[in-house]
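Geometric and topological summary
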Amino acid sequence: MKDLIYREYVQILKEELIPAMGCTEPIAVAYCAALAHKALGQEPEQVEVLASANIIKNVKSVVVPNTGGLRGIAAAAAAGIAAGDADKELEVLSGVTQEQVQAISAYLNRAKFTVARSEKDYIFHICVTLTAGAHTAQAEIAGNHTNVIGIRRNDIVLLQREYREEKNASTTDRSLLNVESIVEFADCVDLADVHSVLQRQIDCNMAIAEAGLQGDWGANIGRILLRSYGISVHNRAKAYAAAASDGRMNGCEMPVVINSGSGNQGITASVPVIVYAQELNVSQDQMLRALVVSNLVTIHLKTGIGPLSAYCGATSAGCGAAAGITYLYGGRYREIAHTIVNALAINSGMICDGAKASCAAKIASAVESGLLGMQMQMHGSQFYGGDGIVVKGVENTIHNVYELAREGMRETDRTIIHMMTECV
């Protein structure tokens, strides 16, 4: 493998597989508010949050962790101001104490909050403006959850970065990703280069999966799957992933290692692979290489779609998980390519209607589609070019999914947002 591609793939994993506590959209709001509060240096009396429509959609129904069950953009901003640590980025609320939980609610009732749709046409945009007496401060994020493009206090610019919507905010060249090279990289990577990020993903995501099964979280999809369909590895892969989302969507105060900016996608890309690796009793090295496949395939599938859309990200991560599990069974490029195409043909119509309890069920559906796609190729069955959105070649089919999600589902996204928020 070429040194450039190798280095970029390692860096992509390091960029993407980072810890976050809670659903990443409300956490991004809390982070932005904490940055503005740090710049202001005192408690604000007024808080204005401007957010793009997809941020509003994704924050509306999900519990903000360490707030005592509060939901929504105002609650996320209040948490970031009253108790957040901006230096921790997507773990901005991880150090909240019980006393601070009460302080968040009190501050939410004390200050004046305004939430509105951002006028900028960015898909991902958050701007928090704080006012205390004659002083103001503002922080602005665009493109992804931690891409801070502006901070100011009064008329003093503390940080300013150029942002263009068409340019990926990451530092790596995602156009280098393709399925064949991903498999080659998984086979040859020096695991010392990726061990720390993958081990953290294993530890964090399996811990919240266990917590999701033991507690009473949301609709309890994970527990229902186990009670209804038994403990086969096929069902456990779905149940554990769903249980992790049960907890995460409903206020479980444990970190998740994300993928493509999403905790649910990080869970879906990793937990089923880990469950299968344990069942198959493969070596630790083999499990790590399979996780390289699942994570990079997920990132590859999401790169052309963008961070937020009407296309459910769990679909991409379910394909990634199935690719990783296929790798565990000894499959390589040919088998993994067929698995991905099959899975995309099955489940590419699932919509994203915001972060909430039902995401756990969508994860179970995405994992099921991925596993069915894998079983199809293991039994010599596949979908062919001309079957719906499927065209000859895995990369060509992936490109069709990009176009479907970014262009074809644009009006779907507007309709979903109108139904949920009536702000368009």
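Residues numbered from 1 in each chain as written. Predicted model: local features only at pLDDT ≥ 70, side-chain atom pairs only at ≥ 80, totals over all residues. Heavy atoms only, no water.

**Section: the nonpolar core**
Counting residues in each nonpolar core, the largest one holds 84 residues, and the members touching the most others are Tyr-9, Phe-185, Val-194 and Leu-296. In terms of residues, this core owes the most to one element, helix 11 (residues 284–303), which gives 10 residues. Among all residues touching Tyr-9, those that are not within four sequence positions of it are Met-1, Leu-176, Leu-177, Asn-178, Ser-181, Ile-182, Phe-185 and Leu-296. Of all hydrophobic cores here, the second largest spans 49 residues; its members include Ile-27, Leu-93, Ile-104 and Tyr-107. (Core = buried A, V, L, I, M, F, W, Y, C linked by side-chain atoms within 4.5 Å. Buried < 20%, exposed > 50% of the residue type's maximum accessible area, 1.4 Å probe, protein only. Helix = DSSP H or I, 4+ residues; strand = E, 2+ residues; numbered from the N terminus. Contact = heavy atoms within 4.5 Å.)

**Observations concerning helix 14 (residues 359–378)**
Taking 1.5 Å per residue as the helical rise, helix 14 with its 20 residues ought to reach 28 Å, and the 29 Å between its terminal C-alpha atoms agrees with that figure. Counting buried residues along helix 14, 14 of its 20 residues qualify, which places the element largely inside the surrounding structure. (Expected span 1.5 Å × (residues − 1).)

**Considerations on the confidence of the model for the chain**
On average, residues of the chain score 93 in pLDDT, and 98% of them reach the 70 mark or higher. Within the chain, helix 6 (residues 179–188) carries the highest mean pLDDT (98), whereas helix 16 (residues 410–421) carries the lowest (84). (pLDDT = per-residue confidence, 0-100.)

**A closer look at the packing of helix 11 against helix 15 (residues 394–408)**
Two quantities define a packed helix pair, namely the angle between the axes and the distance from one axis to the other. Close contact between helix 11 and helix 15 brings their axes to 8 Å; oriented N to C, the two are set at 50°. Our classification of the angle between helix 11 and helix 15 gives oblique. In this structure, helix 11 contributes His-300, Leu-301 and Thr-303 to the contact, and helix 15 contributes Glu-395, Ile-398, Tyr-402 and Arg-406. When the residues that make up the contact of helix 11 with helix 15 are grouped by side-chain class, the tally is 3 nonpolar, 2 polar and 2 charged. (Axes fitted to C-alpha atoms, helices over the stretch in contact; angles between N-to-C directions. Parallel < 35°, antiparallel > 145°, perpendicular 65-115°, else oblique. Nonpolar A, V, L, I, M, F, W, Y, C, P; charged D, E, K, R; others polar.)

**As for the pattern of salt bridges**
With the rule as written, the count across this model stands at 14 salt bridges. Of the charged contacts in the structure, one is a salt bridge between Glu-16 and Arg-174, with a shortest N-O distance of 2.7 Å. With Glu-16 in helix 1 (residues 3–16) and Arg-174 in the loop between strand 7 (156–160) and helix 6, this residue pair connects regions lying 158 residues apart in the sequence. One exposure class covers both Glu-16 and Arg-174, and it is buried. Note that Lys-238 and Glu-368 form a salt bridge whose closest N and O atoms lie 2.9 Å from each other. With Lys-238 in helix 9 (residues 233–249) and Glu-368 in helix 14, this pair connects stretches of sequence that are 130 residues apart. Looking at Lys-238, the relative accessible area reads 11%, which means it is buried. Because the salt bridges share partners, they merge into one network encompassing Glu-15, Glu-16 and Arg-174. (Salt bridge = Lys/Arg side-chain N within 4 Å of Asp/Glu carboxyl O.)

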